[in-house]
Amino acid sequence: MSVRRLAAEQPESFAFTPENLAWAQGVIAKYPEGRQASAVIPLLWRAQEQHDYWISKAAIEYVGQMLGMPYIRVLEVATFYTMFNLEPVGKHFIQLCGTTPCRLRGAEDIIKVCHDRIGDQRHVTPDGQFSWLEVECLGACCNAPMVQINNDYYEDLTPESFNKLLDDLAAGRPVKKGPQNSRHTSEPEGGVTTLTDPALYDGSAVGAWRKRFEEEEAKAKAAAAEKDAAEKKAASDQAIAAEAAANPKPGKPSDDTAGRNVTDTPAHRVAEGKDAVSPADKAKAGDATKSTSDEPTSTRPKAPTLDKASSYTANPNQGDAKKPAGDEPAKG
Amino acid sequence: MTKIIVDGIELDVPAEYTLLQACEEAGAEIPRFCFHERLSIAGNCRMCLVEVKGGPKPVASCAWAVRDCRPGPNGEPPVISTKSPMVKKAREGVMEFLLINHPLDCPICDQGGECDLQDQAMAYGVDTSRFAENKRAVEDKYIGPLVKTQMNRCIQCTRCVRFSTEVAGVPDLGAIGRGEDMEITSYLESAMQSELQGNVIDLCPVGALTSKPYAFKARPWELSKTESIDVMDALGSAIRVDARGREVMRILPRLNEAVNEEWISDKTRFIWDGLKTQRLDKPYVRVNGQLRPASWGEAFQAVAARLKGADPKRVGFIAGDLASVEEMYALKLLAASLGVANIDGRQDGTKLHPKFGRASYLFNSTVMGIEEADAVLLVGTDPRREAPVLNARIRKRWRMAPLPVGLIGEPVDLTYDVQVLGAGAETLAGVLDGSVGFADALKNAKKPLIIVGQGALMRPDGEAILALAAKLAQAVGAVTAEWNGFSVLHTAAARVGALDLGLVPGDGSLDALAMAAPGALDVAFLLGADEIDVAPGAFVIYQGTHGDRGAHRADVILPGAAYTEKSGTYVNTEGRVQLGARASFPLGDAKEDWAILRALSDVLGQRLPFDSLPQLRAKLFADYPHMAAIDRITPADFAGLSGLANAAGTTDKAPFRRAVTDLYLTNPIARASAVMAECSALAQGGVAVAAE
């Protein structure tokens, strides 16, 4: 933004309408005694709405007096927030989004239309109908390019549709708010492509998710019972696993110690005068070919083994030429 | 107390200290622009970055408290580094950013040579910039006749905004268009309203705000700097007078925590152009109704012709507002040697009198004591006009924690909340008997402060009002061995000195107002007394510096030295004896005032017993030992106050008037100053607008 100053031509005075005044008193009353200055932004905003969408010197002083603020403090606020217009704007004040997504979707063409039809930014057309301002992202990137005219968004613009929009506004014809093409809000152009199943919308989907979980749980239980009959030990393990899968438990340590031999700990063993490491663990640890885990090694995925003859790096593209010299296997 | 390690030095500091304070405690120098001890912390210049061990990036030390630092993993004290490569790089980066938009106009900048940015760029910056684009241009603003703006130079530290809002209490300045195009300005470029606005010139770390009257006049390194005392009000602010050759070029404040902290009023700061205009540079004698230049011999002969053989009862001596103790002492000795008892140092007609003891006319609480007070009653005073810096001290106290402040007198905006209790002596009596609600506030206060101004005292019933105030002070417990809250605020730098010397008429003699009455005197001797109209008929000898009211009335003019041109002792309103030094020499044939009186005494055949200033001072110190205690306050015995409290007298119903209606035109130097005239016109205009 460039340097913002109050307009050269100023109205004589400003005062809230009785309705706005009552509203302003309500806003001021929200803040504790001595903090009335907090109401400066809502009051300035209402003053802007009341006065042709721009803030005059008289309005700044009126708000300053109302809130017991030095005028310079109100001016600081009014000059900081670019949504406070300090100069007259057109009856249709166009705020044109010029940020990246809109640019990519053709905002520059829209800017060109503004230039051609209205002129420079911050310049009101002689008939008082239009003025425009390029602003930062207005948050409707999915409908880029877009403009905000007074309080409404007009989206998915093309130079043609934007020109027509301006024609309609100038002529006082009713206009369509939102997307100016066939889109409905921010849905895909030409209709939706996903979530098209009508069952999603007739209420039948309510509870379906949960129902599916229950079914799967029952299925798992049945399978577990079947296996239990066939293999005793392995089946019980699987049943527990299935149950655990069906009933996820919170990820915190269970305090359920039933079924675990809590008396066989290193501390217990030492107290009994035995070696701290259990003989079974010792035996397992002694066997280098076996994992200390109880899990059978065969069920775990195999680590990839390198085929030394074809590639050192396991990347055929690199070939033997890229091998570090020191690692050259001795030959002959 | 918290342990902290700064550059390897371990020290104990209070936990609420900022890192900047802790680093300074450790002897490290931290550059800064936005931070100022007496203003709130903004933390926006980023120049004071230091490294906190364990932190990912440097922190702004001005806004980071010691208690915010985390200890080390094993509970070691936090480690701060102000000299590490990270800090050096950070400072260089900040400096480069600051200089991106700062113009390279040091050769034509008035701040050159005393510029924080210049100094710190030399100390902490790098020699090149990588920024090749255009610099930002900012319009210069009009913010009054005293402060010149060059807004391209502004680095947006907002010290000036914070000063005017916090210390001065007149929120004139603000930062509009916050962001890349932020600008410091007053509301629509109106003139600042504060009487302390000149201090923003000192606060500005760059040349954005400079002194308008001093613009392009001199360079700091070509000025001789003399530490002296201000006489524009009774506060006796510490000042530095910068002179080039014989010409006073500017006046700056000096640090004196006990009196003015580091502020001075605009009158003190911008008075110096009045020292060059309307000056009396040779003696004058009125011949056939016209003042004609004369030699010293002719002037003395004209004086002697009138004084010799005159009836001592028909001769009067009046000392003015700017007189130093030395010349008033010489005047007193001269009057005594002539047998004249009509002598008065109270040309404004105040009823203060040394007969009730020193405590009856001093600001007993002391200026620093204001910060301890917990209830203040202002009686017939407008401290904002009578002593602006003292008013800022009351505001400082009020900002620490709001306290009840009552005002009896004309309702004025004092920059803090004041309850206007009433207009005159009746209200004061009401506070005493409890019928005015404010009485409870005073009674409940531990250290109540009652400030009596000259507006309540320079009237016929002044003594009764003073007695009433003393009675109130005793009744609310304001006068105890630990705390004496009975305080008189003077308006003239000479007044306390005059009262200390006993420059009051003897029994049955005439006071200043009686002397000025028609037919009272044959010969009146005015020692710089301009604010009194001696009625036609008397032969007036005026000794002073400016062709002002006294000189227009005079029959003989003896040109004296202004306060910057002589070494003189002044006693401020709290009874602090301070020594002003000579920064330049009297103009033309003008002489130092004590020397004029000494020479005149010789012509009159009553030679005063000293030939030099040291001799005069030796005699002065022998007669008044407390005058030797320079820069100190000899505590006044408050026993005299009970005598004062018991003094009888009736008060009338007239409301208290302000003693100073126009801050900028109170003395001959100010009335000769074009800058003060402009300020006065603005201030008066401002009042007119407000009254509409």
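Residues numbered from 1 in each chain as written. Chains lettered and ligands numbered in written order. Predicted model: local features only at pLDDT ≥ 70, side-chain atom pairs only at ≥ 80, totals over all residues. Heavy atoms only, no water.

**Student:** Explanation requested: the overall build of chain A in the structure shown.
**Tutor:** On a plain count of helices and strands, chain A comes out with eleven helices and five strands. Per-residue burial over chain A gives 29% buried out of 332 residues. Long-range pairs, those at least 24 residues apart, make up 58% of the contacts in chain A between residues at least 6 apart in sequence. As presented, chain A carries roughly 22200 Å² of accessible surface, and 55% of it is formed by carbon and sulfur atoms. (Helix = DSSP H or I, 4+ residues; strand = E, 2+ residues; numbered from the N terminus. Buried < 20%, exposed > 50% of the residue type's maximum accessible area, 1.4 Å probe, protein only. Contact = heavy atoms within 4.5 Å. Areas by Shrake-Rupley, 256 points an atom, 1.4 Å probe, with all protein chains shown as cover.)

**Student:** Sorry if this is basic, but what is going on with the pairing of strand β14 (residues 290-293) of chain B here?
**Tutor:** In summary, the side chains of a regular strand alternate between the two faces of the sheet. Residues and elements named next belong to chain B. Sheet topology places strand β13 (residues 284-287) next to β14; four bridges connect them, and they run antiparallel. Bridged to Val285 within β14 is Arg292. Turn length for the β13-β14 hairpin, with the two strands adjacent in sequence and antiparallel, is two residues, and the turn residue Asn288 shows positive phi of about 55°. (Pairing = 2+ DSSP bridges.)

**Student:** Explain helix α7 (residues 296-307) of chain B here, please?
**Tutor:** Since the α-helix advances by 3.6 residues per turn, residues separated by three or four positions end up pointing in the same direction. All names here are of chain B. Look at α7: 16 Å from first C-alpha to last across twelve residues, which is about the 16 Å you get at 1.5 Å a residue. Taken as a whole, α7 has its buried residues at Trp296, Ala299, Phe300, Ala302, Val303, Ala304 and Leu307. Those residues of α7 that are buried lie in contact with β13, β15 (315-319), β22 (523-527), β23 (539-544), β24 (556-559) and α18 (593-603). Gly309 occupies a position one or two residues after α7 and carries a positive phi of about 80°. (Expected span 1.5 Å × (residues − 1).)

**Student:** Where do I start with the UniProt feature "domain: 4Fe-4S Mo/W bis-MGD-type" (unreviewed entry) in chain B in this structure?
**Tutor:** Within this numbering scheme, the UniProt entry marks residues 223-279 of chain B as carrying the feature "domain: 4Fe-4S Mo/W bis-MGD-type" (unreviewed entry). Each end of residues 223-279 of chain B is marked by a C-alpha atom, and these two atoms are 22 Å apart; helix forms 9% of the span and strand 35%. (UniProt positions renumbered as here; feature names shortened; annotations may be inferred.)

**Student:** So what exactly am I meant to see when it comes to the UniProt feature "domain: 4Fe-4S His(Cys)3-ligated-type" (unreviewed entry) in chain B here?
**Tutor:** UniProt records the feature "domain: 4Fe-4S His(Cys)3-ligated-type" (unreviewed entry) for residues 86-125 of chain B in the present numbering. Secondary structure across residues 86-125 of chain B divides into 60% helix and 0% strand, with the first and last C-alpha atoms of the span separated by 14 Å.

**Student:** I'm lost on the confidence of the model for chain A in this one. Help?
**Tutor:** Should pLDDT be low for a region, the predicted coordinates there are not to be read in detail. For chain A, per-residue confidence averages 81 on the pLDDT scale, and 78% of positions sit at 70 or higher. Low pLDDT, under 50, characterises residues 304-332 of chain A; the predicted model gives this stretch twelve contacts beyond four residues in sequence or across chains. (pLDDT = per-residue confidence, 0-100.)

**Student:** Honestly, the pairing of strand β2 (residues 130-135) of chain A in this entry has me stumped. Any pointers?
**Tutor:** Residue and element names in this part refer to chain A. Judged by how many residues are buried, β2 sits mostly within the fold: five of six residues are covered. The pairing of strand β1 (residues 92-97) with β2 spans six bridges and is classified as parallel. Following the sheet pairing, His92 is matched in β2 by Phe130.

**Student:** Help me out: how do you make sense of the interface of chain A and chain B in this one?
**Tutor:** Bring the parts together and some accessible area is lost; that lost area is often taken as the interface size. Counting from both sides, the interface comprises 16 residues of chain A and, opposite them, 18 residues of chain B. Inspection of the region where chain A meets chain B yields two salt bridges. For Glu183(B), the salt bridge goes to Arg5(A), with nearest N and O atoms at 2.5 Å. Where chain A touches chain B, the interface holds seven residue pairs in polar contact (both at pLDDT 80 or more). Within the residue set of the side of chain A that touches chain B, elements represented by two or more residues are α3 (57-67) and α4 (71-80) of chain A. (Salt bridge = Lys/Arg side-chain N within 4 Å of Asp/Glu carboxyl O. Polar contact = N/O pair within 3.5 Å; in protein donor to acceptor, adjacent residues only side chain to side chain.)

**Student:** So what exactly am I meant to see when it comes to the sheet that holds strand β4 (residues 152-155) of chain A here?
**Tutor:** Hydrogen bonds between backbone atoms are what pair the strands of a sheet, whose relative direction is either parallel or antiparallel. Residue and element names in this part refer to chain A. Taken together, the five strands give an open sheet; going across it, the order is β2-β1-β3-β4-β5, and neighbouring strands pair in mixed fashion. Looking at the sheet topology across the chains shown, the edges are occupied by β2 and β5 (178-179). Across the sheet, helix α6 (residues 107-117) touches β1, β2 and β3 (147-149), and the angle it forms with β1 is around 150°. (Axes fitted to C-alpha atoms, helices over the stretch in contact; angles between N-to-C directions.)

**Student:** Can you help me understand the pattern of salt bridges in this one?
**Tutor:** If you walk through the whole model with that rule in mind, you get 64 salt bridges over all chains. Asp156(A) serves as the salt-bridge partner of Arg183(A), at 2.9 Å between the closest nitrogen and oxygen. In this pair, Arg183(A) sits in the loop between β5 and α8 (208-230) while Asp156(A) sits in the loop between β4 and α7 (159-171), placing the two residues 27 residues apart along the sequence. Since its relative accessible area comes to 6%, Asp156(A) is described here as buried. With a closest N to O distance of 3.6 Å, Lys3(B) and Asp12(B) form a salt bridge.

**Student:** Sorry if this is basic, but what is going on with the environment of Glu166(B) here?
**Tutor:** Residues and elements named next belong to chain B. Turning to its location among the elements, Glu166 is positioned in helix α4 (residues 159-167). When the C-alpha positions of Glu166 and Lys83 are compared, they lie 33 Å apart, and in sequence the two are 83 residues distant. Excluding residues within four positions of it along the chain, Glu166 makes contact with Leu39, Ser40, Arg395 and Arg399. Separated by 2.6 Å, the side chains of Glu166 and Ser40 make a polar contact.

**Student:** Hey, could you run me through the side chain of His546(B) in this one?
**Tutor:** Residue and element names in this part refer to chain B. In this fold, His546 is placed in the loop between β23 and α17 (549-553). The exposure class of His546 is buried, given its relative accessible area of 0%. A polar contact is formed between the side chain of His546 and the backbone oxygen of Gly274, at a distance of 2.5 Å. A polar contact is formed between the side chain of His546 and the side chain of Thr545, at a distance of 2.7 Å. With sequence-adjacent residues up to four places away left out, His546 is seen in contact with Gly274, Leu275, Thr277, Gln278, Arg279, Leu280, Ala551, Pro668, Ile669 and Ala672.

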